[in-house]
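Here's the letter readout for the chains.
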Amino acid sequence: MTIGVRRAVVVGAGVSGLTSAVCLAEAGFPVTVWTAAMPRHTTSAVAGAVWGPRPLEPAAKTPGWTERSLREFRELAKDPGSGVRMAPALSVGDRTEDGAPPAGMELLPDLRPADAADIPEGFDAGFVATMPMIDMPRYLDYLTERLAAAGGDIELHPVRSLAEVADVAPIVVNCAGLGARELAGDDTVWPRFGQHVVLTNPGLDRLFMDRTGGPEWVCYFPHPRRVVCGGIGIPGRWDTTPEPEVTERILRRCRRIQPRLAEASVIETITGLRPERPSVRVEAEPIGRARCVHNYGHGGDGVTLSWGCAREVVRLVSAG
């Protein structure tokens, strides 16, 4: 079957949908993205965001997807228009029992234990490295432009069922995130509410991540004109209304770690629902006469897995 004659419709314009669409378009497929919200209005737009490996299911595949994404982000960081840069990072609270960094961090060539003086009070271990950090609004614009350059387009077209898409395209790629709960009939998909506070940047360059794994944590990601501060995760919550008391807790924790943030003004509070699932789903199934490839369930790791999963989508589409 000739690649160029098979139209693909990607459902969803977040980071997973756009990256999948770019990879398919650059592989020669005619691609259209159907979405209920344009890229800057998706959950992806309010992410921190940083490449950061975590143990995820399916354990046999996610390390490879994570590594592939790291390679792609390193290349993208060479383009000042991409919104990606290799940033100095301090990651705390993530040492294993033998003192080694957690799985995946060894992919960073300059990873080393943090000096004791750099580790904030309350944490007993940390690592420093240079990691990809992504300015998401800018990055989503970059992906949109790259898709257009490859001949793809985006349509504001809410989808009521995957069968509806399968009626018009032989290839369907389901990147609906939380929407996959209804579209794919997958009741293992649940929201995890997140809230960030965006501040003016008082001159910070190094990002900070607390990886102790609690329901609330400290992180801040300094972009050229703003700092995105977090974080919190509330499983099963659908309401996206910002909570002022959560904002205060985030500011208090971040300013304790980085006192210079006390100089910064609050720009806005942003919220989103991470699409949680026990295992990331990247697999193919037939829907009518179409081949559907699912790519959802990344939780808060959509950026970290994005390029690896998108390349897997192309492989699965091409295998049909």
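Keep in mind it's a predicted model, so treat the numbers as computed, not measured.

A. The arrangement of the packing of helix H1 (residues 15–26) against helix H3 (residues 136–149) in detail. Remark: H1 packs on H3, axes separated minimally by 9 Å, with the N-to-C direction vectors making an angle of 25°. Comparing the axis directions of H1 and H3 gives the class roughly parallel. As H1 packs across H3, the resulting crossing turns out to be left-handed. Where H1 abuts H3, its residues Val15, Leu18, Thr19, Ala21, Val22, Ala25 and Glu26 lie against Met136, Tyr139, Leu140, Leu143, Thr144, Arg146 and Leu147. Looking at the contact of H1 with H3 residue by residue, the classes come out as ten nonpolar, two polar and two charged.

B. Seen up close, the UniProt feature "binding site: D-dopa" (unreviewed entry) in the protein chain. If you check UniProt for "binding site: D-dopa" (unreviewed entry), the listed places come out as Arg274 and Gly300 in our numbering. The annotated residues occupy 27 residues of the chain but converge on a single region, no pair of C-alpha atoms lying more than 5.7 Å apart. For Arg274, a relative accessible area of 16% corresponds to the buried category. With residues near it in sequence (within four places) discarded, Arg274 still touches Trp190, Pro191, Arg192, Phe193, Gly194, His196, Trp217, Ile232, Gly233, Gly299 and Gly300.

C. Representation of the packing of aromatic side chains within the structure. Going through the model one piece at a time under the given rule, you end up with four aromatic pairs. Residues Phe73 and Tyr139 carry aromatic rings whose centres are separated by 5.9 Å and whose planes lie at 55° to one another, so their mutual orientation is tilted. Here Phe73 is found in helix H2 (residues 62–76), whereas its partner Tyr139 is found in helix H3, with 66 residues between them in sequence. Grouping residues by exposure puts Phe73 and Tyr139 together as buried. When the ring of Phe123 is compared with that of Phe208, the centres are 6.3 Å apart and the planes differ by 65°; the resulting orientation is edge-to-face. Of this pair, Phe123 sits in the loop between strand E4 (112–113) and strand E5 (126–134) while Phe208 sits in strand E9 (residues 207–210), and the two are 85 residues apart along the sequence. Here the two residues Phe123 and Phe208 agree in accessibility, since each one is buried. The aromatic ring of Phe193 is capped on one face by Arg237, whose charged end is 3.8 Å from the ring centroid.

D. Inspection of the pairing of strand E2 (residues 31–35) at higher detail. Burial of E2 is extensive: five of the five residues sit out of reach of the surface. Side chains Val31, Val33 and Thr35 of E2 all project onto a buried face; the interleaved residues Thr32 and Trp34 project onto the opposite face, where all are buried too. Bridging between strand E1 (residues 8–11) and E2 involves four bridges; their strand directions are parallel. If you follow Val11 over to E2, its bridge partner there is Trp34. Read from E1 through H1 to E2, the crossover connection turns out right-handed. For E2 and strand E6 (residues 153–156), the ladder comprises four bridges, and the chain directions are parallel. Bridge pairing in E6 links Thr32 to Asp153.

E. The pattern of salt bridges, seen in detail. Under the criterion given, the structure shown has 18 salt bridges. In this structure, the salt-bridge partner of Arg237 is Glu243, at a minimum N-O distance of 2.3 Å. Bridged by salt links that share partners, the residues Arg68, Glu72 and Arg311 form one connected network.

F. Focus on the packing of H1 against helix H7 (residues 302–318). Packing of H1 against H7 brings their axes to within 8 Å, and their N-to-C directions diverge by 40°. Our classification of the angle between H1 and H7 gives oblique. The two elements H1 and H7 cross, and the hand of that crossing is right-handed. For the pair H1 and H7, contact is made by Val15, Thr19, Ser20, Val22, Cys23 and Leu24 and by Gly302, Val303, Ser306, Trp307, Ala310, Arg311, Val313, Val314 and Val317, respectively. Looking at side-chain class alone, the contact of H1 with H7 contains ten nonpolar, four polar and one charged residues.

G. Geometry of the environment of Ala163. Along the polypeptide, Ala163 turns up in helix H4 (residues 162–166). Residues Ala163 and Gly288, 125 residues apart in the sequence, show an inter-C-alpha distance of 7.2 Å.

The rules we used
Residues numbered from 1 in each chain as written. Predicted model: local features only at pLDDT ≥ 70, side-chain atom pairs only at ≥ 80, totals over all residues. Heavy atoms only, no water. Axes fitted to C-alpha atoms, helices over the stretch in contact; angles between N-to-C directions. Helix = DSSP H or I, 4+ residues; strand = E, 2+ residues; numbered from the N terminus. Parallel < 35°, antiparallel > 145°, perpendicular 65-115°, else oblique. Left-handed = near helix turned anticlockwise from the far one by under 90°. Contact = heavy atoms within 4.5 Å. Nonpolar A, V, L, I, M, F, W, Y, C, P; charged D, E, K, R; others polar. UniProt positions renumbered as here; feature names shortened; annotations may be inferred. Buried < 20%, exposed > 50% of the residue type's maximum accessible area, 1.4 Å probe, protein only. Phe/Tyr/Trp six-rings, centres within 6.5 Å; stacked < 30°, edge-to-face > 60°. Lys NZ or Arg CZ within 6 Å of the ring centre and 35° of its normal. Pairing = 2+ DSSP bridges. Right-handed = clockwise from strand over helix to strand, strands pointing away. Salt bridge = Lys/Arg side-chain N within 4 Å of Asp/Glu carboxyl O.

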